[in-house]
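Summary of structural features
Each chain, written out:
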Amino acid sequence: MTDPMPILFTIGHGRTLKPADILRLVKEHDPVACPIVVDVRDSRVSQRNRAFDFSEVPVLGEGNGQSVGEVIPGCRYVWFPKLGNPTRKLPWVPDEKAEVALEILARVIRREGDTLYQGPLVLLCSEAKPAKCHRREIAEELARRVPGLRIAHLGSESRPIGRRQARDEWEAPEV
């Protein structure tokens with residue numbers, strides 16, 4: 001049996017999402033998943049949605065992959081501040097530090113080496129709409145590095161989040 005094509009989820013918490021919604025939405029796609037939420041915000045502070053304000057949670061280590069444990073129920077959480085977009089401008093252009101972070105995530109998705117991170121990745125940012133958020137560009141860059149990677153956006157700020165909601169799933173860009 002071959003491994004299924006990997007999938008990368010993205011989600012924006014917007015004003016209405018709750019942390020527990022992330023696990024529920026991922027499990028609709030993969031019932032046995034233990035997702036790894038990769039926070040790609042440049043800051044763990046959220047003024048739009050206090051449920052995603054992790055500023056009081058201690059950070060372990062420095063640089064990419066700063067883990068803060070299980071702040072989202074049922075998920076592992078890792079903060080990658082080097083993938084943040086402090087200017088909020090698109091297109092997002094990765095610098096050298098972001099390139100390192102992208103390669104780390106690509107290796108995790110490809111399941112290369114002895115990695116502690118096993119499970120689907122969920123890119124988390126604050127913007128609810130992927131078309132307006134740099135997480136879509138991060139996902140597309142990862143798809144260029146991992147052939148066959150599928151990308152699926154979960155949730156929406158404008159409608160209730162649930163099984164019947166249409167998902168914004170798009171094809172990876174051609175290399």
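Residues numbered from 1 in each chain as written. Predicted model: local features only at pLDDT ≥ 70, side-chain atom pairs only at ≥ 80, totals over all residues. Heavy atoms only, no water.

Parts of the model with low pLDDT should not have their predicted coordinates read in detail. Across the chain, the average pLDDT comes to 78, with 75% of residues at 70 or higher. Mean pLDDT across the elements of the chain ranges from a minimum in strand β7 (residues 168-170), with 43, to a maximum in helix α3 (residues 134-145), with 93. Predicted confidence for residues 157-175 stays below pLDDT 50, and this span has 45 contacts to residues more than four positions away or in other chains. (pLDDT = per-residue confidence, 0-100. Helix = DSSP H or I, 4+ residues; strand = E, 2+ residues; numbered from the N terminus. Contact = heavy atoms within 4.5 Å.)

Moving on: helix α1 (residues 19-29). Residues of α1 that are buried include every one of Pro19, Asp21, Ile22, Leu23, Leu25 and Val26, and no others. Buried residues along α1 sit in contact with β1 (7-12), β2 (36-39), β5 (121-125) and β6 (150-154). (Buried < 20%, exposed > 50% of the residue type's maximum accessible area, 1.4 Å probe, protein only.)

Time to look at unusual backbone geometry. Residue leucine 90 is joined to proline 91 through a cis peptide bond whose omega torsion reads 5°. Note on placement: proline 91 falls in the loop between β4 (76-79) and α2 (96-110). Even without glycine at this site, arginine 88 takes up a positive phi of about 65°. Along the chain, the position of arginine 88 falls in the loop between β4 and α2. Note on arginine 88: relative accessible area 58%, which makes it exposed.

A complete count under the given rule lists zero disulfides for this structure. Considering cysteine sulfurs only, cysteine 125 is the nearest to cysteine 133, which forms no disulfide, with 3.6 Å between them. (Disulfide = S-S within 2.5 Å.)

Moving on to the packing of aromatic side chains. Overall, the coordinates contain two aromatic pairs when judged by the stated rule. Plain terms: the ring middles of phenylalanine 54 and tyrosine 77 are 5.1 Å apart, the flat faces sit at 80° to each other, and that makes the pair edge-to-face. You can see phenylalanine 54 sitting in the loop between β2 and β3 (66-69) and its partner tyrosine 77 sitting in strand β4, a full 23 residues away along the chain. The two residues phenylalanine 54 and tyrosine 77 agree in class, both being buried. Ring-pair connections join several aromatic residues into one group, and the members of that group are Phe52, Phe54 and Tyr77. Directly above the ring of tryptophan 79 sits arginine 44, whose terminal nitrogen or CZ lies 5.0 Å from the centroid. (Phe/Tyr/Trp six-rings, centres within 6.5 Å; stacked < 30°, edge-to-face > 60°. Lys NZ or Arg CZ within 6 Å of the ring centre and 35° of its normal.)

Okay, the pairing of β1 next. For a regular strand, side-chain orientation follows a simple rule: the groups alternate between the two sheet faces. For β1, the tally of buried residues reaches six of six residues, placing the bulk of the element in the interior. Alternating residues of β1 divide into Ile7, Phe9 and Ile11 and Leu8, Thr10 and Gly12, and every residue in both groups is buried. Pairing geometry for β1 and β6, over five bridges, is parallel. Note that in β6 the partner of isoleucine 7 across the bridge is arginine 150. Relative to β5, β1 runs parallel, the two sharing five bridges. (Pairing = 2+ DSSP bridges.)

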